[in-house]
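Here's the letter readout for the chains.
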Amino acid sequence: MNSRLEILVGDITQSDSDAIVNAANPTLLGGSGVDGAIHRAAGPELLEECRKLHGCERGQAKLTRGYHLKARYVLHTPGPIWRGGDKGEAETLASCYRSCLELAAEHGLETVDFPSISTGVYGYPLAQAATVALRTIMAFLDTHSLPRRVRMVCHSEEAAQVYRQTYNMWFAGEKPDRL
Ligand code: AR6
């Protein structure tokens, strides 16, 4: 595994990284899944700040403070809704990861944790989402020194297994000095 990328099982609301990513919707006004959990853990101040952002397009990202979270910031990104795979879903999903990483780097953030964007309510098949997520993150880390560390925080061991297998499929053969 790349020393700057980790795949683990956990609850992202408990993360003490500089920023956690929220799999949001375009209103940025909360919802179910990881979005609901992040808003509950951060407290009502997060919703107050989100109201001032006037939403966010799918594939883009916006930054807020983390309030009662251990993480100092939240990167909110609305992912694509899965509609069969030929409606630009992969491009939009890659753009979510890239936008969050760009914003994190711009703000000098060293550590960022992602949930598996779009693979819950939005129905994106997990293995396909893992491929897009890991290839986008790895390409970004290859060309940027920040963030120093990125973690995929999966909500189940099964999901983490899919991410690990996908990582091994695409990157196991890479030379260590490129990782
Ligand atoms: N920590 C880490 N991962 C989690 C957690 C958690 N606490 N809770 C859920 N997951 P979803 P989406 C995983 O549905 O598909 C909301 O209503 C979960 O197992 O949260 O992008 C928004 O407002 C899954 O693998 O996000 C949008 O309307 C992954 O997080 C919509 O859902 C994403 O599942 C976004 O749907």
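A brief look at the structure comes next. (Residues numbered from 1 in each chain as written. Predicted model: local features only at pLDDT ≥ 70, side-chain atom pairs only at ≥ 80, totals over all residues. Heavy atoms only, no water.)

1. Looking at the overall build of the chain
Line of reasoning, step 1. Looking only at helices and strands, the chain has five helices and six strands in total.
Line of reasoning, step 2. In sequence order, the chain lays out its α and β elements as β-β-α-α-β-β-α-β-α-β-α.
Line of reasoning, step 3. The buried share of the chain, reckoned over its 179 residues, is 49%.
Line of reasoning, step 4. A fraction of 69% describes how many contacts in the chain between residues 6 or more apart in sequence connect residues 24 or more apart.
Line of reasoning, step 5. Accessible area for the chain stands at about 8600 Å²; split by element, carbon and sulfur atoms hold 50% of it. (Helix = DSSP H or I, 4+ residues; strand = E, 2+ residues; numbered from the N terminus. Buried < 20%, exposed > 50% of the residue type's maximum accessible area, 1.4 Å probe, protein only. Contact = heavy atoms within 4.5 Å. Areas by Shrake-Rupley, 256 points an atom, 1.4 Å probe, with all protein chains shown as cover.)

2. Some details on the packing of helix H4 (residues 126-143) against helix H5 (residues 157-171)
The relative placement of two packed helices comes down to the angle between their axes together with the axis-to-axis distance.
Line of reasoning, step 1. Relative orientation of the contacting elements H4 and H5 amounts to 55 degrees, with a least axis distance of 9 Å. Here H4 lies oblique to H5, going by the angle between them. Seen from above, H4 lies across H5 with right-handed handedness. Across the interface between the two elements, Leu126, Ala127, Ala129, Ala130, Thr131, Ala133, Leu134, Arg135 and Met138 from H4 touch Ala159, Val162, Tyr163, Thr166, Tyr167, Trp170 and Phe171 from H5.
Line of reasoning, step 2. Tallied by class, residues from the contact of H4 with H5 come to 13 nonpolar, two polar and one charged. (Axes fitted to C-alpha atoms, helices over the stretch in contact; angles between N-to-C directions. Parallel < 35°, antiparallel > 145°, perpendicular 65-115°, else oblique. Left-handed = near helix turned anticlockwise from the far one by under 90°. Nonpolar A, V, L, I, M, F, W, Y, C, P; charged D, E, K, R; others polar.)

3. Things to note about the nonpolar core
Line of reasoning, step 1. Ranked by internal contacts, the top residues of the largest apolar core, which has 37 residues, are Leu75, Tyr97, Phe114, Ile137 and Tyr163.
Line of reasoning, step 2. Secondary-structure elements contributing two or more residues to this core are strand E1 (5-9), strand E2 (19-24), helix H3 (89-106), strand E5 (111-114), H4, strand E6 (149-154) and H5.
Line of reasoning, step 3. A per-element tally of this core places H4 first, with nine residues.
Line of reasoning, step 4. Residues Ile12, Ile20, Leu28 and Ala42 belong to the second largest nonpolar core, which totals 13 residues. (Core = buried A, V, L, I, M, F, W, Y, C linked by side-chain atoms within 4.5 Å.)

4. Thoughts on the side chain of arginine 4
Line of reasoning, step 1. Among the structural elements, arginine 4 can be located in the segment before E1.
Line of reasoning, step 2. Among buried Asp, Glu, Lys and Arg side chains, arginine 4 stands out as unpaired, with aspartate 142 the closest opposite charge at 6.8 Å.
Line of reasoning, step 3. Within polar-contact distance, the side chain of arginine 4 engages the backbone oxygen of serine 145 at 3.4 Å.
Line of reasoning, step 4. Here proline 147 takes part through its backbone oxygen, which lies 2.8 Å from a polar atom of the side chain of arginine 4.
Line of reasoning, step 5. Among all residues touching arginine 4, those that are not within four sequence positions of it are Leu141, His144, Ser145, Leu146, Pro147, Arg148, Arg149 and Val150. (Lys, Arg positive; Asp, Glu negative; His and termini not counted. Salt bridge = Lys/Arg side-chain N within 4 Å of Asp/Glu carboxyl O. Polar contact = N/O pair within 3.5 Å; in protein donor to acceptor, adjacent residues only side chain to side chain.)

5. Observations concerning unusual backbone geometry
Line of reasoning, step 1. At the junction of leucine 146 and proline 147, the peptide bond is cis and its omega measures out at -5 degrees in the coordinates.
Line of reasoning, step 2. Checked against the element boundaries, proline 147 lands in the loop between H4 and E6.
Line of reasoning, step 3. Look at leucine 28: it is not a glycine, yet its phi comes out positive at around 60 degrees.
Line of reasoning, step 4. By relative accessible area, which is 2% here, leucine 28 ends up buried.

6. A look at the site of the ligand
Line of reasoning, step 1. The immediate surroundings of the ligand are formed by 20 residues, with Asn25, Ser32, Val34, Asp35 and Val121 found nearest.
Line of reasoning, step 2. The separation between an oxygen atom of the ligand and a polar side-chain atom of asparagine 25 is 2.7 Å.
Line of reasoning, step 3. Interatomic distance of 2.7 Å between a side-chain N/O atom of aspartate 35 and an oxygen atom of the ligand.
Line of reasoning, step 4. Coverage of the ligand by the protein amounts to 87% of the 710 Å² it exposes when considered alone.
Line of reasoning, step 5. Broken down by secondary-structure element, the contributors of at least two residues to the shell around the ligand are E2 and helix H1 (33-42). (Near = heavy atom within 4 Å.)

In short, geometric facts, not functional conclusions.
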